[in-house]
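Listed below are the residues making up each chain.
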Amino acid sequence: MELKIFFLGSGCSAPTKARNLTSIAMQYSGKVFLFDCAEGTQQQMMRANVSYMKLDSIFFSHFHADHFLGLPGLLATMTMYERDMPLNIYGPKSVEKKVALAIEIAGIMPCFKINTFEIKKGFLLRGDNFTISAFPLKHNTSCYGFTFKENDKIAEFVKEKAIALGIPEGPLFAKLQHGEAVKFGSKTIKPEEVLDYSKGRRGRKVSIVLDTRPHESYIENIAASDILIHESVFASIDMDRALDTAHSTALEVAELANKAKCKKLYLTHFSTRYEKLDALLKEAREVFPETHIGKDLLIVNLPLNPKERVVDN
Ligand SMILES: [Zn+2]
Ligand SMILES: [Zn+2]
């Protein structure tokens, strides 16, 4: 199943000629999830070919202007195009009030249902084959990071073995596939008789951390991410500004990615003071070579993890 990440913007605080403000879209299993909805998000979605129609949920890390001001316009467009699918909006405390305010500013009467959910630490959404969860960050207002995790596939079902055991195709197959023992005539068939655990597959994991001081408290949440997307507003030379504004430097984020044993790091949410980002990339790569710039309109396709044993059966 395809997992695509779209960097719709990469700027912090204000847009520049070269950068829109940061929003990130993720497409998986026919659905689109949007993380923050900054000013300019609608046009960037069009440029990146992200479907409005498939937009299932928006997750707000926090309600600073550079993360939120795209919402009134987006809701207005959806109303104009007579969206009928419900839209789920997750955000920290006051999310309901903020969404009501966005509707008031846009001067619209949405023709579709909007469900709002206040974010609490832990699972926010459980799909058929994935979860999205939240964890608190260390910013200067209530702010959350997010983890998308595809379920691990513990083993591959070997149909030939099941047929050889005389099990009829149908519901018993499904039970065995899910690791349950089944009774068939006088026999009990154990799942390990028909499952190949060496062909398990670790589910993909993507963590999105926008607006925080880097902190040990969320290392466990982002641990072993295939992709960590982390704000990196400043370079180390501007450490004092990072401390004053509760943001991160590229070097600090690289150290965190290293500690959390992430596979790839994408830096984003850059200060307007840097026209070029070479210095940020250089300082991060010295510590974590698999660092990349999450620049505007970059699309990342995250392939399936290789087959491997993920349980000790
Ligand atoms: Zn920000
Ligand atoms: Zn902020």
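Source: prediction; values computed, not measured.

Caption draft 1: Up close: helix α10 (residues 278–287). Within α10, the full set of buried residues consists of L280, E283 and A284. Viewed end-on, α10 has its buried residues packed into an arc of 95°, placing them on one side of the element. In α10, the exposed residues that point more than 90 degrees away from the buried face are D278 and E286. If you follow the buried residues of α10, they end up packed against α9 (250–259), β16 (264–268) and β17 (291–293).

Caption draft 2: Molecular detail of the nonpolar core. Within the largest apolar cluster, 72 residues are counted, with the highest numbers of intra-cluster contacts made by I24, A25, A257 and L265. A per-element tally of this core places α9 first, with six residues. Excluding anything up to four places from it in sequence, I24 contacts I5, F6, F7, L8, F35, D36, I208 and I229. The next biggest cluster of nonpolar side chains, apart from the first, holds seven residues, and it includes A155, A162, I167 and V194.

Caption draft 3: Here's a closer look at the sheet that holds strand β18 (residues 299–301). The strand order across the open sheet formed by seven strands is β6-β5-β4-β3-β2-β1-β18, and the pairing between neighbours is mixed. The strands lining the two open edges of the sheet, one partner per strand, are β6 (114–118) and β18. Pairs of neighbouring strands in the sheet enclose a mean axial angle of 20°, with direction left out of account. The pairing of strand β5 (residues 87–91) with β6 spans five bridges and is parallel. Bridging from a neighbouring strand, G91 pairs with E118 of β6.

Caption draft 4: Seen up close, the environment of I103. Of note, I103 is situated in helix α4 (residues 95–106). Taking the C-alpha atoms as reference, I103 lies 8.6 Å from L71; in sequence the two are 32 residues apart. The contact partners of I103, leaving out residues within four places of it in the chain, are L75, I108 and P110.

Caption draft 5: Region of interest: the domain arrangement of the protein chain. In terms of domain boundaries, the protein chain breaks down into domain 1 (3–153 + 200–301) and domain 2 (156–198). Between the C-alpha centres of domain 1 and domain 2 the distance comes to 42 Å.

Caption draft 6: Layout of the sheet that holds strand β15 (residues 227–231). Strand order in the open sheet formed by seven strands is β7-β8-β9-β14-β15-β16-β17, and the pairing between neighbours is mixed. Lying at the two open borders of the sheet, with one neighbouring strand each, are β7 (122–126) and β17. Adjacent strand axes in the sheet meet at a mean angle of 20°, parallel and antiparallel pairs treated alike. Across the sheet, α9 touches β15, β16 and β17, and the angle it forms with β16 is around 155°. Against the sheet, α10 contacts β16 and β17, and its axis sits at roughly 165° relative to β17.

Caption draft 7: Quick peek at the pairing of strand β9 (residues 144–150). When you tally the buried positions in β9, you get six out of seven residues, the bulk of the element. Taken together, the seven bridges between strand β8 (residues 130–136) and β9 define a ladder with antiparallel strand orientation. Opposite F135, over in β9, you have G145 as the bridge partner.

Caption draft 8: Representation of unusual backbone geometry. One non-glycine residue, S29, lies in the positive phi region at around 55°. Tracing the sequence through the fold places S29 in the loop between β2 (24–28) and β3 (31–35). Positive phi, close to 60°, is recorded for A246, a residue that is not glycine. The class for A246 is partly exposed, based on 16 C-beta atoms found within 10 Å.

Caption draft 9: Molecular detail of the packing of α9 against α10. Relative to each other, α9 and α10 sit at 25°, their axes nearing to 8 Å. On the basis of the axis angle, α9 is roughly parallel to α10. When you trace α9 past α10, the crossing you get is right-handed. Listed contacts from α10 to A250, L251, V253, A254, E255 and N258 of α9 are L280, E283, A284 and V287. Counted by class, the contact of α9 with α10 contains seven nonpolar, one polar and two charged residues.

What counts, and at which threshold
- Residues numbered from 1 in each chain as written.
- Chains lettered and ligands numbered in written order.
- Predicted model: local features only at pLDDT ≥ 70, side-chain atom pairs only at ≥ 80, totals over all residues.
- Buried ≥ 20, exposed ≤ 12 C-beta atoms within 10 Å, placed from the backbone.
- Helix = DSSP H or I, 4+ residues; strand = E, 2+ residues; numbered from the N terminus.
- Arc of directions from axis to C-beta.
- Contact = placed C-beta atoms within 7 Å.
- Core = buried A, V, L, I, M, F, W, Y, C linked by C-beta atoms within 7 Å.
- Pairing = 2+ DSSP bridges.
- Axes fitted to C-alpha atoms, helices over the stretch in contact; angles between N-to-C directions.
- Domains from an automatic or database assignment.
- Parallel < 35°, antiparallel > 145°, perpendicular 65-115°, else oblique.
- Left-handed = near helix turned anticlockwise from the far one by under 90°.
- Nonpolar A, V, L, I, M, F, W, Y, C, P; charged D, E, K, R; others polar.

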